[in-house]
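Examination of the molecular architecture
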Amino acid sequence: MDKRIDFRSHIPAIAIRDVYKEVTTAAGSLTILSAISLEIKRAESVAIVGVSGSGKSTLLGLMAGLDSPSQGVIELAGNCISDMDEDSRAQVRAHNVGFVFQTFQLLGSLTAHENVMLPLELDGRADAYEQAQLLLERVGLEERLSHYPKQLSGGEQQRVAIARAFAMSPTILFADEPTGNLDAVTGERIIQLLFELNREQGATLVLVTHDEQLATRCDRRLHLQKGQLIQPALEV
Amino acid sequence: MMPRLFRLSWRFLARDGRAGELTLLLVALMIAVASTSAIGFFTDRVQRTMGQQATELLGADLVIGSSRDIADAWEKEAVLRGLQVSRIVEFRSVVLAGERMQLASIKAVSEGYPLRGRLQIADQLFGSGIHAKGIPDSGELWLEPRLFGLLDLEIGQDLELGSGLLQASHVLVYESDRGGDFYSLAPRVMMNLSDLEASGVIQPGSRVEYRMLLAGEAAVLDSYVNWLKPLLGSNEQIITVQQGRPAISRALQRAERYLGLTSLIAVLLAGVAIAMAARRYSERHYDMSAMLRCMGASQRDMLVLSLLQLLWLGLIASTLGLLLGWALQEGLVQLLRPLLPGRLPSIGFKPVWLGLATGLITLAGFALPPVVRLRKVPPLRVLRRDLTPLPAQAWLIYGAAIVTLVLLMWRYTQSVALTSAIVAGVITAALTLGLLLALMLRLTVNRLRARSLNVALRFGLNHLLRNTQVTVGQVLAFGMTLMAMAVVVLIRTELIGSWQSELPEKAPNVFAVNILASDVDPLKQFLDERSLARSEVFPMVRGRLITLNAKPILESVSKEASSSNALHRELNLTWSDVLPETNRLNEGRWWDTEQRSEMAEVSIEAQLAEKLGIELGDRLGFSITGVNLEATVTSIRSVEWESFRPNFYMVFSPGVLESFASTSMTSFYRPVDQPEIGRDLIRQFPSITVLDLEVVIQQIRGIVNQVTLAVEYVLLFVLFAGFTVFFAAMQASLDERLQEGALLRTIGASTKQIRASHISEFALLGAFAGLVAAMGSEAISYVLYREVFTIAFVWHPIYWLLLPVIGALLVGAAGWWGTRRVVTRSPLSVLRDL
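In this text the structure is predicted, and so the values were computed from the model without any measurement.

**Points about the overall build of chain A**
Helix and strand counts for chain A stand at seven helices and ten strands. Taken over 236 residues, chain A has a buried fraction of 54%. In the form shown here, chain A has an accessible surface area of approximately 10,400 Å², with 47% of it arising from carbon and sulfur atoms.

This is the structure:
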């Protein structure tokens, strides 16, 4: 079964219906997300905003299939991932999804080049080496191929992470506070790169951010408050 | 799918290796394999050599003994199977030289004798011996030196044996397979077997011992023995190294057990290190696994990847370990060159396979559970760093370790009973000690904490209490390590001590037998004048054991026992007021000489009693010079046959044997540099038979020395493996400590304070571990002494004092060294890594 989005169809990139997420803690049951329903169209860019603890990252994790909801339905690229087990979700992720994180999440024991090669190697691609090199050139790090994450600046690390996220040409890119650990200037450059690549590849972009400026550059904003989606007053 | 994962596993492993993530695991595993294989290679070679030396004392790898001529068919079969064969006929006969005659022990040998060992002969009396190439030529005799004196004979003169006239061509200086019942040995005459028939000296009814010597490959010998066994009659028996030489075989057995046990301990210690290293490896790979899962790798992919990486790692480490093991044993061989026999056999393949198997089994048992857990890392960890996989289930971790333990133990002990006893003991001990420790820890640390300690020390102690379970685990691991080291040192000391006490520096090396009653006092005087240490003088009467509880003995014992040598020859019987010096009473009581009972009492040697099924209260009938006599068994003794003192199967109560004609025997120590004492003795007491065993004793001492050296070398491996455990444990907690140290320094703690807190924590940990080690080593050595090495147990109070101190020093020092990076790395670089 091809789990990539069929662009000729009108299937949304992500569809969420009546999703709840509850966790059990020592103090009892805690509702993190409640009654979330939304749709994200293909090639759309969406920012999820809200204060700390409002459930942004949890929602991102659910959309990306990294976790499963307590209740409700989530469809990712036409696959109902809320009904799937972890391994089936992993298969959907492998073919559709790329990630960029606030803390970059580069593996310290691998060079920049190897970090980018990782998803390609996992897919058994014979051209992993060359492909990763091209991607690093695209993000302007051709001089840094054999450097370890430790030897790179924050901005450079995030560029490696972006190259890695686009390595498999994902149809949906999830970004969790991509500029959260960077200064304003570097953050701006990273954002530019992210949007450029997103356009080039025609991918859907879902990002979680605190940064209002970044949020306004997206097609749409989803505002979370205490685990619930509220309609932004300014948008019609 | 598989080829992709194959490639990936290699690549990931190579990257991990380059990043230094595998070093500890690799080193721990290499030590396990290197220590088993070095010990394996070395002991394999030395054991084969020691076995070879033991076979020298037998003259062959295997001997078939019989009181009748051995069938030619048996020899043909042996030759057909490619074995070397030689024959011996041994008997006593009178030899004549002119007017003089002397009872001699004749040994007629065939071409090829001895198959193992050597003969030394000399051209002149008291000349130095040279290696004999071959056996006496037909028509010639080789004579023991004292025969020349007894017969007033010169080299080259003729001797009459039966109807043959043979020339005394050489002096027989050394015969490596000389032995047997040497109290009754007459001087040796060696002749060529082809002259035997012509001499007509063997007549029907003569008491003759026939032996067929065999040598060849162990497997061929085994199959030959299997073929032969059903054909053996009651008067034929197979004599192996073990049966032939109890003294040497016991030393060998103990050495083998010790070496096996020691290498096992080295492997177990390395196993603990591997478990610790694997846990750290696994924890440091959570991020990698989460990322791979996030990118779409399935749990199965992760499992296959982990297993493949472990397999490659196991193979690489084992290969390196084997090479290192080979180099280490080669180094040892070079080191011990002067003590080892001229040529050691080359390296065997068996240790290679065993080393490889040990490596993979150890890795699987100790590293698999934490590494397999990697597949359970939730992909959500990429968003939430605090998510870790559920800890591997306890039964899985301990189950795998216990199965590994049992497998390894069983391979070394080859005994299910011993293995289960040890494993059950270790588990019970670990549980009991664990609980006890948790309690002790709480009490001690609370008490220490209550006092106003400085902040650094308090921090160190808090560390111990914060996670009691982890601390108890660490104390147990260190404790077991120290314990293993202590047990090995302790047993080594006891073993060597007991060997040396069995063969003390001045062990009697000369036996004087056939001492006439009139010679007893003058002989004592002769020895005492020269200040020679001697054993008691035992009177000796020769007699045969003929009945058990009034039934003929051969009908009363099992078929197997009926072939026992003791039933087919005259035994040396003695009597004594007191229990002989080196004997120990196992059952019954020693007679009270004050209240002499009317009953004739006899004390029997334990092994013979067990073999013949004789118990206390049984009546034994003897035939002594045609007179029958009955005595009741009132005690059973164990005898140190290795003690080189006169030892007897049967000791009678006083008043039973005195009326029979008797001679006496004793043994004494002749200083090596005074060979003339033997000559003087023979001159002064011509009727006494003197047996000089100095050469045999030297030979045994040589074996003991070799074994001792091997034992000490092997000890080094255990110590080394023990230190790896310490190091692995330090490494395992290093990440956490780095982070903690960086934070502390950020808020203003000084390097000195942090160091002090580390040292106090580790020193206290080490002291507890020392206490655990003291308890454990006493318990284990108690069992080992009694069950494995059969040595009497003694307490070691010094251990209770010393081990906690050593533990505190060792673990404190290892901790100090292992955590030095905590204060040398800049806090910024640590915190940036978080």
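Still more to cover.
**Description of helix α24 (residues 797-818) of chain B**
Count 3.6 residues to each turn of an α-helix, and residues three or four apart come out pointing the same way. The terminal C-alpha atoms of α24 of chain B, which comprises 22 residues, lie 31 Å apart, in line with the 32 Å expected from a rise of 1.5 Å per residue. For α24 of chain B, the principal kink sits at L803 of chain B and spans about 25 degrees; a proline, P804 of chain B, occurs within the next four residues.

**Structural notes on the pairing of strand β19 (residues 627-638) of chain B**
Residues and elements named next belong to chain B. Within β19, nine of the twelve residues are buried, leaving the element largely enclosed by the surrounding structure. With four bridges joining them, strand β16 (residues 584-588) and β19 adopt antiparallel strand pairing. Note that in β19 the partner of L585 across the bridge is R637. Both strand β17 (residues 601-605) and β19 contribute to a ladder of five bridges, which runs parallel.

**Details of the sheet that holds strand β4 (residues 71-76) of chain A**
For sheets, the rule is that strands pair by backbone hydrogen bonds, running either parallel or antiparallel. Residue and element names in this part refer to chain A. Judged by pairing direction, the sheet is antiparallel, and its four strands sit side by side in the order β2-β1-β4-β5 without closing on themselves. Unpaired on one side and paired on the other, β2 (28-40) and β5 (79-80) mark the two borders of the sheet. Bridge count between strand β1 (residues 14-25) and β4: five bridges; the pairing is antiparallel. Each residue of the ladder has a partner; that of R17, found in β4, is V73. Along the sheet face, helix α1 (residues 56-63) touches β1, β2 and β4 and points at about 60 degrees away from the line of β2.

**Things to note about the environment of A297 of chain B**
One can find A297 of chain B in the loop between α9 (286-294) and α10 (299-335). When the C-alpha positions of A297 of chain B and R375 of chain B are compared, they lie 9.6 Å apart, and in sequence the two are 78 residues distant. Excluding anything up to four places from it in sequence, A297 of chain B contacts A90 and L122 of chain A together with L292 and M302 of chain B.

**Focus on the side chain of S199 of chain B**
Residue and element names in this part refer to chain B. Structurally, S199 is set in helix α5 (residues 196-199). Reaching out from S199, the side chain makes a polar contact with the backbone oxygen of L196 at a distance of 2.6 Å. Ignoring sequence-local partners within four residues, the contact set of S199 consists of L161, G162, S163 and G164.

**A few points about the packing of aromatic side chains**
All names here are of chain B. Per the stated rule, a full pass over the model turns up nine aromatic pairs over all chains. Consider the rings of F526 and F685, whose centres lie 5.9 Å apart with planes at 85 degrees: the pair is edge-to-face. Taken together, the residues F526 in helix α16 (residues 517-529) and F685 in the loop between α20 (676-684) and β22 (689-692) connect sequence positions 159 residues apart. Exposure remark for F526: the relative accessible area of 2% places this residue in the buried category. Here F685 falls in the buried class, since its relative accessible area comes to 4%. An angle of 35 degrees between the planes, with centres 4.3 Å apart, marks the rings of W590 and W591 as tilted.

**Brief notes about the confidence of the model for chain B**
Across chain B, the average pLDDT comes to 80, with 86% of residues at or above 70. With pLDDT under 50 throughout, residues 180-184 of chain B is counted as low confidence; its partners more than four residues away or in other chains account for 16 contacts.

**Regarding the interface of chain B and chain A**
In this complex, chain B contributes 30 residues to the contact, which on the side of chain A involves 32 residues. A buried area of about 2,600 Å², summed over both sides, lies between chain B and chain A, and 62% of it is on carbon and sulfur atoms. Contact with chain A buries area across many residues of chain B, yet R15, M295 and L383 of chain B alone supply 24% of it, more than any other trio. A salt bridge links R293 of chain B to D87 of chain A; its shortest N-O distance comes to 3.6 Å. If you look at where chain B meets chain A, you find ten residue pairs in polar contact (both at pLDDT 80 or more). Elements with a minimum of two residues in the side of chain B that touches chain A: α1 (2-18), α9, α10 and α26 (827-833) of chain B.

Rules behind the numbers
- Every chain begins its residue count from 1, and numbering advances along the sequence as written.
- For naming, the first written chain is A and the first written ligand is 1, with later ones following in the order written.
- In view of the model being predicted, local features appear only for residues whose pLDDT reaches at least 70, and side-chain atom pairs are presented and counted only at 80 or more, with totals across whole chains, interfaces and linings using the full set of residues.
- To get the side-chain values, take all heavy atoms of the structure and skip hydrogens and water.
- The secondary structure listing takes helices from DSSP runs of H or I that are at least 4 residues long and strands from runs of E that are at least 2 residues long, numbered from the N terminus.
- Partly exposed residues are those whose accessible area sits between 20% and 50% of the maximum for their type, while under 20% is buried and over 50% is exposed, using a 1.4 Å probe and protein chains only.
- For accessible areas, the Shrake-Rupley method is used with a probe of radius 1.4 Å. Any residue's cover is judged against the shown protein chains and nothing else.
- Take the residue count of a helix, subtract one, and multiply by 1.5 Å to get its expected span.
- What we call the bend at a residue is the angle made by axes fitted to the seven residues finishing there and the seven residues starting there.
- At least two bridges found by DSSP between two strands is the condition for calling them paired.
- Residue contacts follow a heavy-atom distance rule, with two residues in contact if any of their heavy atoms lie within 4.5 Å.
- Here the axes come from fitting lines to C-alpha atoms, over the contacting stretch only for helices, and the angles between their N-to-C directions go from 0 to 180 degrees.
- As used in this structure description, the phrase polar contact means that two N or O atoms lie within 3.5 Å; if the pair is within protein, one of them must be able to donate a hydrogen and the other to accept it, and residues adjacent in sequence are counted only when both atoms belong to side chains.
- Put simply, two rings from Phe, Tyr or Trp (the six-membered ring, in Trp's case) pair if the centres are within 6.5 Å, and we call them stacked under 30 degrees between planes, edge-to-face over 60, tilted for the rest.
- A score from 0 to 100, pLDDT tells how confident the predictor is in each residue.
- Two parts placed together each lose some accessible area under a 1.4 Å probe, and adding up what both lose gives the buried area.
- Salt bridge, as used here: a side-chain nitrogen of Lys or Arg that lies within 4 Å of a carboxyl oxygen of Asp or Glu.

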